[in-house]
Amino acid sequence: MLIGGCFCGAIRYQASGPAHHQTNCHCSICRRTTGAPFVAWFSVPRSGFRLVQGTPARFRSSPTATRSFCAGCGTQLTFEQDGAPDEIDVTTCSLDDPEGMPPQDHTYTRSKLGWIKLADGLHEYRTSRSANDGAGGQEGA
C-alpha cells in the first residue's frame, strides 16, 4: 500500500495495485503547474487509488487531462488522462516515502530546460513512452 497526501495534511490518499510508469516528466505543462523544472510521477490502477481524507480541487490542464491539487497548500497530487481511463498518475513526492518509488526514465525531454543536465543514465523519451522515440542514454539539449 502506498500512502501519501498534501503538504498541509488536508488531503490523504492510499494507492494499491502494481505501480508502473515511474518517470520524471519534463513537459511544459508539468513544469508550469508545479513551478518545478520537472515532476516525478508514477501510475497505479484508477480502481486502486482512494482518497481517505479531504477533497482535492481539480482543473483541466489541457483538453485531454485533469489534475488535482490541494486548494489549501497547492500540492499537486494527480494527473488523469482521458485516453487512459484505467490508470491515474500520482506525484511521487506526495508519497510519505518517495524513496521507495524512484523514477525509471525521463519523458518529454524535448521540452527539457536547457540548464537541466541529466546524468542519471535513465532512459530518455523525447515525448511519451508510447511514441517509441527513446533516445537511450543521454540526449542532447
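Up top is the structure.
Computed from a predicted model, the values in this text were never measured in an experiment.

Below, the discussion takes up the environment of Asp86. Structurally, the position occupied by Asp86 is in the loop between strand E8 (76–81) and strand E9 (87–91). Judged by relative accessible area, Asp86 falls into the exposed class, the value being 63%. Distance in space between the C-alpha atoms of Asp86 and Gln22 is 16 Å, their sequence separation being 64 residues. The contact partners of Asp86, leaving out residues within four places of it in the chain, are Val44, Pro45 and Arg46.

A few words on the pairing of strand E3 (residues 20–25). Relative to strand E4 (residues 39–45), E3 runs antiparallel, the two sharing 4 bridges. Following the sheet pairing, Asn24 is matched in E4 by Ala40. As paired strands, E3 and strand E10 (residues 105–107) are joined by 3 bridges and run parallel to one another. Note on E10: the bridge partner recorded for Thr23 is Asp105.

Mapped onto the elements, Ala40 comes out in strand E4. Assessed through its relative accessible area of 18%, Ala40 is described here as buried. Linking Ala40 and Cys93, residues 53 residues apart in sequence, is a C-alpha distance of 7.0 Å. With near-sequence residues (within four places) excluded, Ala40 lies in contact with Thr23, Asn24, Val90, Thr91 and Thr92.

The strand order E1-E2-E5 describes an open sheet built from 3 strands, whose pairing is antiparallel. A strand with exactly one partner marks an edge of an open sheet, and here the two such strands are strand E1 (2–5) and strand E5 (49–53). Averaged over all neighbouring strand pairs, the angle between strand axes comes to 25°, with direction disregarded. As defined by bridge partners, strand E2 (residues 12–15) adjoins E5 across 4 bridges and the pair is classed as antiparallel. The partner of Gln14 across the bridge, within E5, is Arg50.

Rules of the game
Residues numbered from 1 in each chain as written. Predicted model: local features only at pLDDT ≥ 70, side-chain atom pairs only at ≥ 80, totals over all residues. Heavy atoms only, no water. Helix = DSSP H or I, 4+ residues; strand = E, 2+ residues; numbered from the N terminus. Buried < 20%, exposed > 50% of the residue type's maximum accessible area, 1.4 Å probe, protein only. Contact = heavy atoms within 4.5 Å. Pairing = 2+ DSSP bridges. Axes fitted to C-alpha atoms, helices over the stretch in contact; angles between N-to-C directions.

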